[in-house]
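This is what each chain is made of:
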Amino acid sequence: SAVISQKPSRDICQRGTSLTIQCQVDSQVTMMFWYRQQPGQSLTLIATANQGSEATYESGFVIDKFPISRPNLTFSTLTVSNMSPEDSSIYLCSVAPQAAGNTIYFGEGSWLTVV
Amino acid sequence: AQSVSQHNHHVILSEAASLELGCNYSYGGTVNLFWYVQYPGQHLQLLLKYFSGDPLVKGIKGFEAEFIKSKFSFNLRKPSVQWSDTAEYFCAVMPTNAGNMLTFGGGTRLMVKP
């Protein structure tokens, strides 16, 4: 398995501001993923972040709104830009360690509330 | 694109009752299948997974799931639930050619009455 730490765990943000979420993994992983879980809903993939390349965004998500950095094999950040109440969600970092085959592990999530 | 359906959105059971949560997916190729659980206020945890081999897989806490390829299903079962099983359960599918990308079902909220 992998130990995934996310910061912040919770935050209340003002409309129009931006917040960067950090994801730290205890081992080197090639692939990292960012998901969003809106209140009462399931998880939706935002983007895939591979080290050394631009993140790949899913339909409905754009780099200007959710810029992602992946500076090394153990760390990534997701920024939620120009936030509105609709961005209130749990944002989850996940990884696929090579030793785990195709199993995906999730961080504890960052609960953002935009007011 | 693949999709995952969990037909039971909310399930309420009494302790010791048997549980079966449905999961169907739409994808014509080979898939890996997962069930995740999210206890109240906690993060997602892997319950069990199927990659290949025996279609009946056993997971943690007495859960099991059966992959029926002809029905595109991966239903989760537990013979006797406990109050501590109260959680939200998510089925997820990963096509083997999708680069570790998961597609989640809508989730099933299970409440077990003591």
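Read on for a plain summary of the structure. (Residues numbered from 1 in each chain as written. Chains lettered and ligands numbered in written order. Predicted model: local features only at pLDDT ≥ 70, side-chain atom pairs only at ≥ 80, totals over all residues. Heavy atoms only, no water.)

## Here's the deal with the state of the cysteines
Note the threshold: Our working definition of a disulfide is a cysteine sulfur pair at a distance within 2.5 Å. The helix count covers DSSP runs of H or I at least four residues long, the strand count covers runs of E at least two residues long, and both are numbered beginning at the N terminus. Partly exposed residues are those whose accessible area sits between 20% and 50% of the maximum for their type, while under 20% is buried and over 50% is exposed, using a 1.4 Å probe and protein chains only.
Throughout the structure, instances matching the rule amount to 2 disulfides over all chains. Here A:C23 engages in a disulfide with A:C93; their sulfurs sit 1.9 Å apart. Across the S-S bond linking A:C23 and A:C93, the dihedral sits near -65°, which makes this disulfide left-handed. Pair noted here: A:C23 is in strand β3 (residues 19-25) and A:C93 is in strand β9 (residues 89-95), with a separation of 70 residues, a long-range link. Of the residues examined, A:C93 reaches a relative accessible area of 0% and is grouped as buried. Through a disulfide, B:C23 is tied to B:C91; the S-S separation comes to 1.9 Å. The disulfide joining B:C23 to B:C91 has a torsion of about -65° about its S-S bond and is therefore left-handed. On the criterion of sequence distance, the pair formed by B:C23 in the loop between β3 (19-21) and β4 (24-26) and B:C91 in strand β10 (residues 87-95) is long-range, its members being 68 residues apart.

## A look at the pairing of strand β5 (residues 31-38) of chain B
All names here are of chain B. Operational definition: Paired strands are those between which DSSP finds at least two bridges.
In terms of burial, β5 is a largely internal element, 8 of the 8 residues being buried. Alternating residues of β5 divide into V31, L33, W35 and V37 and N32, F34, Y36 and Q38, and every residue in both groups is buried. Sheet topology places β5 next to strand β6 (residues 44-50); 6 bridges connect them, and they run antiparallel. Within β6, the residue paired with Q38 across the bridge is L44. Between the end of β5 and the start of β6, which pair antiparallel, lie 5 residues, with G41 showing a positive phi angle near 75°.

## Points about the sheet that holds strand β7 (residues 68-72) of chain A
Backbone hydrogen bonds are what pair the strands of a sheet, in a parallel or an antiparallel way. Residue and element names in this part refer to chain A. Stated formally: For helices, the axis comes from a line fit to the C-alpha atoms of the stretch in contact; other axes are also lines fit to C-alpha atoms, and the angle between any two N-to-C directions lies between 0 and 180 degrees.
If you trace the 4 strands from one edge of the open sheet to the other, you get β1-β3-β8-β7, paired in antiparallel fashion. Lying at the two open borders of the sheet, with one neighbouring strand each, are β1 (4-7) and β7. Pairwise comparison of adjacent strand axes, ignoring direction, gives a mean angle of 15° for this sheet.

## Let's talk about the pattern of salt bridges
As a reminder, the rule being used: Salt bridges are defined by distance alone: a side-chain nitrogen of Lys or Arg within 4 Å of a carboxyl oxygen of Asp or Glu.
For the coordinates displayed, the defined rule picks out 6 salt bridges over all chains. One salt bridge in this structure joins A:K65 and A:D87, with 2.6 Å as the shortest N-O distance. Residue A:K65 is found in the loop between β6 (56-57) and β7, and its partner A:D87 is found in the loop between β8 (75-80) and β9; the two are separated by 22 residues along the sequence. Residue A:D87 is classed as buried on the basis of its relative accessible area of 5%. B:R109 is paired through a salt bridge with B:E88; the nearest N and O atoms lie 3.7 Å apart. Taken together, the positions of B:R109 in strand β12 (residues 108-113) and B:E88 in strand β10 put the pair 21 residues apart, joining distant regions of the chain. Owing to a relative accessible area of 39%, B:R109 belongs among the partly exposed residues under this scheme.

## Re the interface of chain A and chain B
This is how the line gets drawn: Pairs of residues are marked as contacts when any of their non-hydrogen atoms sit within 4.5 Å. Buried surface area refers to the total accessible area, computed with a probe of radius 1.4 Å, that the two partners give up upon joining, counted for both partners together. Pairing of N or O atoms within 3.5 Å defines a polar contact, subject to two protein rules: one partner must be a possible hydrogen donor and the other a possible acceptor, and residues neighboring in sequence count only if both atoms are side-chain atoms. Each residue is assigned to one of three groups, with Ala, Val, Leu, Ile, Met, Phe, Trp, Tyr, Cys and Pro labelled nonpolar, Asp, Glu, Lys and Arg labelled charged, and all others, Gly among them, labelled polar.
Every contact between the two is made by 20 residues of chain A and, on the other side, 19 residues of chain B. Summed over both partners, the interface of chain A with chain B buries about 1,600 Å², with 57% contributed by carbon and sulfur atoms. Inspection of the chain A/chain B interface yields 0 salt bridges. Here chain A and chain B share 5 residue pairs in polar contact (both at pLDDT 80 or more) between them. Broken down by secondary-structure element, the contributors of at least two residues to the side of chain A that touches chain B are β4 (31-37) and β5 (43-50) of chain A. Ranked by residues supplied to the side of chain A that touches chain B, first place goes to β4(A) with 4 residues. Residue classes in the side of chain A that touches chain B are distributed as 9 nonpolar, 9 polar and 2 charged.

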